[in-house]
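Overview (structure and organization)
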Amino acid sequence: MEAVRASAAWVASRSSHVTVDLQEIEKAVDKIQGNVPKVEWDFEGIHYFDNGPLTVQYLFVLDALNFCFWPDKDLSYDHLASGLKLALEKDKTALDADRLKNYTGPQLRQLLNWPRPLPIEEERVRLLHEVGLELERNFGGQAANLVKSAGNSAATLIELITRHFPGFRDHSLYKGHQVFLYKRAQIFVADLWGAFKGQNYGEFNDINSITIFADYIVPAVLRELGILKYGSNLSCSIDSNSEIVPGSEEEVEIRACSIYAVEKMRDLIGKKFGKQLLSIDIDLWLWSCGVQNMALSHHRTLSIYY
């Protein structure tokens, strides 16, 4: 996604709250000798997979809801992924388009087997309705048809998603400039590619166009590595668990600089070690490091985009 790379670089070149330390990137690359540990999709064993269109439906609904778990200290991505998996195993029609467009908040909780209101629950319900309605209107009710219409192009699939589903339009304005981050649209492509091992619904001829998925965890790991450095006010806000306003300069800089830093890391690995890594592989590695060290302080923003 060149729009994502270009706008992330634009932010990084003007950032005043977050700095990308190129020397620390080089240290990290030298330390691992350009070898990023391979992390398999579903290494946790929490996802639904049947090698067919129902898996695509599952992944699209999962990534429509894949945001903002932190306000509930007990809730995590694992609960979302495994909850939807169990719901499908009990009822193969649970994620049909005509049902998605009618779910209520309590019904969503029941679907996920979650005992209390979800963070930003009304937005999650709205996005379920959006997905159900638009899949029914333009794609025969099936996310698999959406994927097929992209012609094995990751970039085209992201363009289709963001055109038809406003809830995936992860845009920000930064110093009068539009910034494209597209975390959830890109992670849907990555989930397809990982689940189907680059075949069938996961076959994309431009999978290397995908960037990392700018969320809460990856910036925290990059900060721990010394690659991202925060100004004193931002550091205090994050370490004290204060909320960072969505769309603020600080929030956009954290996410955009994370993308920019990993692109620099990927380029350096190619130049120094002759290895052409995918951003997806680097993201999975960083994310898995982060979820195994939940003591890391991450920024807190109430957002539907990550």
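Residues numbered from 1 in each chain as written. Predicted model: local features only at pLDDT ≥ 70, side-chain atom pairs only at ≥ 80, totals over all residues. Heavy atoms only, no water.

Within the protein chain, the regular secondary structure consists of 14 helices and four strands. The buried share among the 306 residues of the protein chain stands at 58%. Excluding contacts between residues fewer than 6 apart, the proportion of contacts in the protein chain whose partners are at least 24 apart in sequence is 76%. (Helix = DSSP H or I, 4+ residues; strand = E, 2+ residues; numbered from the N terminus. Buried < 20%, exposed > 50% of the residue type's maximum accessible area, 1.4 Å probe, protein only. Contact = heavy atoms within 4.5 Å.)

We now examine the pattern of salt bridges. Summed over all chains, the structure comprises 20 salt bridges. Across the salt bridge formed by Glu-2 and Arg-5, the nearest N and O atoms sit 3.7 Å from each other. Taken together, the residues span about one helical turn, with Glu-2 and Arg-5 both in helix 1 (residues 2–14) at a distance of three residues. The partner of Arg-109 in a salt bridge is Glu-121, and the shortest N-O contact between them spans 2.7 Å. Here the residue Arg-109 occupies a position in helix 6 (residues 105–112), and Glu-121 occupies one in helix 7 (residues 121–138), the gap between them amounting to twelve residues. (Salt bridge = Lys/Arg side-chain N within 4 Å of Asp/Glu carboxyl O.)

Formed by 110 residues in total, the largest nonpolar core has its most connected members in Phe-60 and Leu-157. Ranked by the residues each element gives to this core, the list is headed by helix 13 (residues 249–273), at ten residues. Once residues lying within four places of it in the same chain are set aside, the contact partners of Leu-157 are Leu-146, Val-147, Ala-150, Phe-188, Val-189, Leu-192 and Phe-204. Residues Phe-67, Cys-68, Trp-70 and Leu-127 belong to the second largest nonpolar core, which totals eight residues. (Core = buried A, V, L, I, M, F, W, Y, C linked by side-chain atoms within 4.5 Å.)

Pairs of packed helices are described in terms of their axes, by the angle between the two and the distance that separates them. Interhelical geometry of helix 1 versus helix 13 gives an angle of 110° and a closest axis separation of 8 Å. On the basis of the axis angle, helix 1 is roughly perpendicular to helix 13. Judged by the sense of rotation from one axis to the other, the crossing of helix 1 with helix 13 is left-handed. Residues Val-4, Arg-5, Ala-8, Ala-9, Val-11 and Ala-12 of helix 1 form the contact with helix 13, whose participating residues are Val-252, Glu-253, Ala-256, Cys-257, Ile-259, Tyr-260, Glu-263 and Arg-266. Here the contact of helix 1 with helix 13 is composed, by residue class, of ten nonpolar, no polar and four charged. (Axes fitted to C-alpha atoms, helices over the stretch in contact; angles between N-to-C directions. Parallel < 35°, antiparallel > 145°, perpendicular 65-115°, else oblique. Left-handed = near helix turned anticlockwise from the far one by under 90°. Nonpolar A, V, L, I, M, F, W, Y, C, P; charged D, E, K, R; others polar.)

Below, the discussion takes up helix 1. An ideal rise of 1.5 Å per residue puts 18 Å on 13 residues; helix 1 measures up with 19 Å between its terminal C-alpha atoms. Taken as a whole, helix 1 has its buried residues at Val-4, Arg-5, Ser-7, Ala-8 and Val-11. The inward-facing, buried residues of helix 1 contact strand 2 (171–174), strand 3 (177–180), helix 10 (183–195), helix 13 and helix 14 (279–291). (Expected span 1.5 Å × (residues − 1).)

Scanning the entire structure with this criterion turns up 13 aromatic pairs. Considering the side-chain rings of Phe-49 and Phe-196, the 5.2 Å spacing of their centres and the 65° angle between planes classify their relative orientation as edge-to-face. Residue Phe-49 is found in the loop between helix 2 (22–32) and helix 3 (53–64), and its partner Phe-196 is found in the loop between helix 10 and helix 11 (217–224); the two are separated by 147 residues along the sequence. Arranged with centres 6.4 Å apart and planes meeting at 75°, the rings of Phe-165 and Phe-168 form a pair that is edge-to-face. The pair Phe-165 / Phe-168 is uniform in exposure class, with both members buried. A connected cluster of aromatic rings, assembled from ring pairs, spans Phe-60, Phe-139, Phe-165, Phe-168 and Phe-188. Over the face of the ring belonging to Phe-67 we find Arg-124, whose NZ or CZ atom lies 4.2 Å from the ring centre. A cation sits over an aromatic face here: Arg-184 above Phe-168, 4.5 Å from the ring centre. (Phe/Tyr/Trp six-rings, centres within 6.5 Å; stacked < 30°, edge-to-face > 60°. Lys NZ or Arg CZ within 6 Å of the ring centre and 35° of its normal.)

Next up on the list: the pairing of strand 2. Regular strands place their side chains on alternate faces of the sheet. Burial along strand 2 is one-sided: the face carrying Ser-172 and Tyr-174 is buried and the face carrying His-171 and Leu-173 is not. Bridging between strand 2 and strand 3 involves four bridges; their strand directions are antiparallel. Note that in strand 3 the partner of Leu-173 across the bridge is Gln-178. Linking strand 2 to strand 3, which pair antiparallel, is a turn of two residues; within it Lys-175 sits at a positive phi near 50°. (Pairing = 2+ DSSP bridges.)

What follows concerns the packing of helix 3 against helix 4 (residues 77–90). Taken N-terminus to C-terminus, the directions of helix 3 and helix 4 make an angle of 145°; their axes are 11 Å apart at the nearest point. Crossing hand, helix 3 versus helix 4: right-handed. Counted together, Leu-54, Tyr-58, Val-61 and Leu-62 of helix 3 and Tyr-77, Leu-80, Ala-81, Leu-84, Lys-85 and Leu-88 of helix 4 form the full contact between these two elements. For the contact of helix 3 with helix 4, the class distribution of residues is nine nonpolar, no polar and one charged.

All right, on to the side chain of Asp-215 then. Following the sequence through the fold, Asp-215 ends up in the loop between helix 10 and helix 11. Buried Asp-215, no salt bridge; nearest opposite-charge side chain is Lys-183, N-O distance 5.4 Å. Apart from residues lying up to four places away in sequence, Asp-215 is in contact with Lys-183, Trp-287, His-299 and Tyr-306. (Lys, Arg positive; Asp, Glu negative; His and termini not counted.)

Positive phi outside glycine occurs at Asn-113, with the angle close to 55°. Residue position: Asn-113 is located in the loop between helix 6 and helix 7. Judged by relative accessible area, Asn-113 falls into the exposed class, the value being 69%. Of note in the backbone geometry, Lys-197 takes a positive phi value of approximately 55° without being a glycine. Among the structural elements, Lys-197 can be located in the loop between helix 10 and helix 11. For Lys-197, a relative accessible area of 62% puts it in the exposed group.

Nothing here speaks to function; it is geometry throughout.
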